[in-house]
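# Residue-level structural notes
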Amino acid sequence: FLTPFSDILLLLVLYVLQGIPLGLAGSVPLILQSKSASYTDQAFFSFVFWPFSLKLLWAPLVDAVYLRGFGRRKSWLVPTQYVLGLFMIYMSTQVDMLLGDGEGRGPDVVALTVTFFLFEFLAATQDIAVDGWALTMLSRENVGYASTCNSVGQTAGYFLGNVLFLALESASFCNKYLRFQPQPRGIVTLSDFLFFWGAVFLITTTLVALLKKENKELTPTKEETKGITDTYRLLFSIIKMPAVLTFCLLILTAKVGFSAADAVTGLKLVEEGVPKEHLALLAVPMVPLQIILPLIISKYTAGPKPLNTFYKAMPFRLLLGLEFAFLVWWTPQVKHEGGFPVYYYVVVLLSYALHQITLYSMYVAIMAFNAKVSDPLIGGTYMTLLNTVSNLGGNWPSTVALWLVDPLTVKECAGAQEQTCATTVAAELCTKAGGSCVTTLDGYYVESVICVILGFGWWFRLGPQLKKLQDEGQSSWKCKRTN
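Analysis parameters
Residues numbered from 1 in each chain as written. Predicted model: local features only at pLDDT ≥ 70, side-chain atom pairs only at ≥ 80, totals over all residues. Heavy atoms only, no water. Helix = DSSP H or I, 4+ residues; strand = E, 2+ residues; numbered from the N terminus. Buried < 20%, exposed > 50% of the residue type's maximum accessible area, 1.4 Å probe, protein only. Contact = heavy atoms within 4.5 Å. Disulfide = S-S within 2.5 Å. Patch = residues over 30% accessible without salt bridge, like charges linked within 9 Å, V, L, I, M, F, W, Y side chains within 5 Å. Areas by Shrake-Rupley, 256 points an atom, 1.4 Å probe, with all protein chains shown as cover. Salt bridge = Lys/Arg side-chain N within 4 Å of Asp/Glu carboxyl O. UniProt positions renumbered as here; feature names shortened; annotations may be inferred. Core = buried A, V, L, I, M, F, W, Y, C linked by side-chain atoms within 4.5 Å. 1 Å grid on protein atoms, 1.4 Å probe; cavity = no way out; pocket = protein on both sides within 12 Å on 5 of 7 lines; lining within 4 Å. Points joined across faces, edges and corners; volume = space filled by probe spheres on them. Nonpolar A, V, L, I, M, F, W, Y, C, P; charged D, E, K, R; others polar. Phe/Tyr/Trp six-rings, centres within 6.5 Å; stacked < 30°, edge-to-face > 60°. Lys NZ or Arg CZ within 6 Å of the ring centre and 35° of its normal. Expected span 1.5 Å × (residues − 1). Bend = angle between axes of the 7 residues up to and from the residue.

### Examining the environment of Phe-369
- Of note, Phe-369 is situated in helix 16 (residues 342-373).
- Of the residues examined, Phe-369 reaches a relative accessible area of 0% and is grouped as buried.
- Distance in space between the C-alpha atoms of Phe-369 and Pro-306 is 5.9 Å, their sequence separation being 63 residues.
- With residues up to four places along the chain from it excluded, the contact list for Phe-369 reads Phe-247, Pro-306, Leu-307, Leu-469, Gln-470 and Trp-477.

### Comments concerning the side chain of Asn-162
- In this fold, Asn-162 is placed in helix 7 (residues 145-169).
- Setting aside residues no more than four positions away along its own chain, Asn-162 makes contact with Gly-23, Gly-26, Ser-27 and Ala-280.

### Details of the state of the cysteines
- In total, this model carries 1 disulfide according to the counting rule given.
- Shown here is the disulfide that connects Cys-413 with Cys-430, its sulfur atoms set 2.0 Å apart. Here the disulfide of Cys-413 and Cys-430 is right-handed, its torsion about the S-S bond being about 90°. Of this pair, Cys-413 sits in strand 1 (residues 410-414) while Cys-430 sits in helix 18 (residues 424-432), and the two are 17 residues apart along the sequence. Like Cys-430, Cys-413 is buried.

### Let's talk about a nonpolar patch on the surface
- On the surface, Ile-291, Ile-292, Leu-295, Ile-296 and Tyr-300 cluster together to form a nonpolar patch covering roughly 550 Å² of accessible area.
- With respect to the helices and strands, Ile-292 occurs in helix 14 (residues 283-301).
- What makes Ile-292 partly exposed here is its relative accessible area of 44%.

### Here's the deal with the pattern of salt bridges
- Counting across every chain of the model gives 7 salt bridges.
- Here Asp-262 and Arg-317 are joined by a salt bridge, their closest N and O atoms 2.6 Å apart. Of the two residues, Asp-262 sits in helix 12 (residues 259-271) while Arg-317 sits in helix 15 (residues 307-334), which places them 55 residues apart along the sequence.
- Residue class for Arg-317 comes out buried when judged on its relative accessible area of 7%.
- A salt bridge links Asp-471 to Lys-305, with the nearest nitrogen and oxygen atoms 3.0 Å apart. Linking Asp-471 in the segment after helix 20 (463-468) with Lys-305 in the loop between helix 14 and helix 15, this pair joins segments that are 166 residues apart in sequence.
- Judged by its relative accessible area of 51%, Asp-471 falls in the exposed class.
- Residues participating in the shared-partner salt-bridge network are Lys-268, Glu-271 and Asp-442.

### A few points about the UniProt feature "transmembrane region" (unreviewed entry) in the chain
- With numbering aligned to this structure, UniProt lists the feature "transmembrane region" (unreviewed entry) at residues 12-32, 44-62, 193-211, 232-258, 278-297, 309-330 and 342-366.
- Regarding residues 193-211, the helix share stands at 100% and the strand share at 0%, and the terminal C-alpha atoms are separated by 27 Å.
- Segment residues 232-258 splits into 78% helix and 0% strand. End C-alpha atoms: 32 Å apart.

### As for the nonpolar core
- Ranked by internal contacts, the top residues of the largest apolar core, which has 57 residues, are Leu-24, Phe-116, Phe-119 and Tyr-344.
- For this core, the leading source of residues is helix 1 (residues 2-34), giving 9 residues.
- Those residues in contact with Leu-24, other than ones at most four positions away along the chain, are Met-88, Phe-116, Phe-119, Gly-161, Phe-165, Leu-190, Phe-193 and Leu-194.
- Core analysis: the next-biggest nonpolar cluster, separate from the first, contains 34 residues, Val-244, Ile-251, Ala-313 and Trp-477 among them.

### Side note on empty space enclosed by the protein
- For the structure shown, the criterion picks out 1 cavity of 30 Å³ or more.
- By volume, the largest cavity is sized at about 40 Å³.
- Along the walls of the largest cavity sit Gly-257, Phe-258, Ala-260, Ala-261, Arg-317, Leu-318, Gly-321, Ser-448, Cys-451 and Val-452, which together make up its complete lining.
- Going through the elements one at a time, helix 12, helix 15 and helix 19 (443-461) are the ones with two or more residues in the lining of the largest cavity.
- Taken together, the residues that form the lining of the largest cavity break down as 6 nonpolar, 3 polar and 1 charged.

### Quick word on the packing of aromatic side chains
- Counted under the stated rule, the structure contains 25 aromatic pairs.
- Residues Phe-456 and Phe-460 carry aromatic rings whose centres are separated by 6.5 Å and whose planes lie at 35° to one another, so their mutual orientation is tilted. Taken together, the residues Phe-456 and Phe-460, both in helix 19 and 4 residues apart, mark about one turn of the helix.
- A residue is classified by how much of its surface remains accessible, and Phe-460, at 57% relative accessible area, is exposed.
- Connected via pairs of aromatic rings, a cluster forms that spans Phe-45, Phe-49, Phe-87, Phe-116 and Phe-119.
- Directly above the ring of Phe-70 sits Lys-74, whose terminal nitrogen or CZ lies 5.0 Å from the centroid.
- For Arg-317, the ring lying beneath its charged end belongs to Phe-258, and the centroid distance is 4.0 Å.

### A short note on helix 14
- Here helix 14 spans 25 Å end to end across 19 residues, near enough to the 27 Å set by a 1.5 Å rise per residue.
- At Leu-289, helix 14 shows its strongest bend, of approximately 25°.
- Taken residue by residue, helix 14 has Met-286, Leu-293, Ile-297 and Thr-301 as its buried positions.
- Among the structural elements, helix 15 and helix 16 are those in contact with the buried residues of helix 14.

Below you can see the structure in the form of structure tokens.
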């Protein structure tokens, strides 16, 4: 009786552990923003979120290379988690220095990016191993729980690494809600947090290594391809299929219209003085919504045409981008001495909730479509490829959007004649001349408008082509394999 339950529990724990590096990485941009890093720095740091989208490149390796005696999945899971744990403990000694001490030394963005990139790379590798293990660890009738464990576990881990961390790290939050005597810093620092989770990683991994035996895998079915080179060859032959290629090109460009709203809005709000832990805490009431939404939306995407939902949700999400820009403009108007009024947070929460509804409608629709067209003979690889492309379709526009905020911002030198603020050097000269740089046009607003125009352009011109892909017969998606 206990074994299936303990297996599901173990999977859940492994997915929670995976969400923690994601959550921590997600909290760094907010910390950088409160230390007034530039948007170019933020764009550079956003590369940290790419390994999860690119894991397809080394997934075949993880699937094919292993020590038989130790177990196909444990061969990767155990070393990866050990390295992650040790890495976190090592980072805990370095991270305060990397974030800058606030005494004239700013954050070292390059070092932070490299460190967290490695960190996420390891977490993504752990993800490949856990995903693969989930399929053999759970019995046939319980295998449906794998995706539930994945989404619930990752969400919980992200919550611990992001929301809980930012709240406990904030002095004002801790003083207001958790302490009797106010103190100058939060209850935990990033280095304490890293040390704690590093230890948790090491302990859990040791237990898994010693106690959990892998089920002997049945003889590989037709689904498994032979060897690594075969898998890469297979990936290549999938991408070359006309229907798949069209889908990839469309989905890589579909999310350009949302990039300013998704990538920059939160940072702008922090810049306007909204406490970062309050923004993070807005995620709490969203959790029930994120659990309920896929269940409701999957009713609509279950039929033969899941992409219609994607198409219908798109214009609403684009318009919300403009609403977000309005929200950022409105923020300084309502700010008062004690922070922000309650009604301001209610408006932000509602905007965020509406945004989540459109986001999930599109996400669930794409997932449903990918599952529907994936060739069952090579299920795993095919599905991962399509999901990878849709993730990348969100990553690159976000990085570009962050990169362009500074160049699109127009600043003038107030109080000093003949000075400009076009470059950092010019800005320093302006200050020397007794002036100050004033933003006359914020690049974020320019970008928000451009994005919405591009987004509607895509929706009118290319949206119908995406919907047309649903009329392709099953044969257009079947992989023609040459043996």
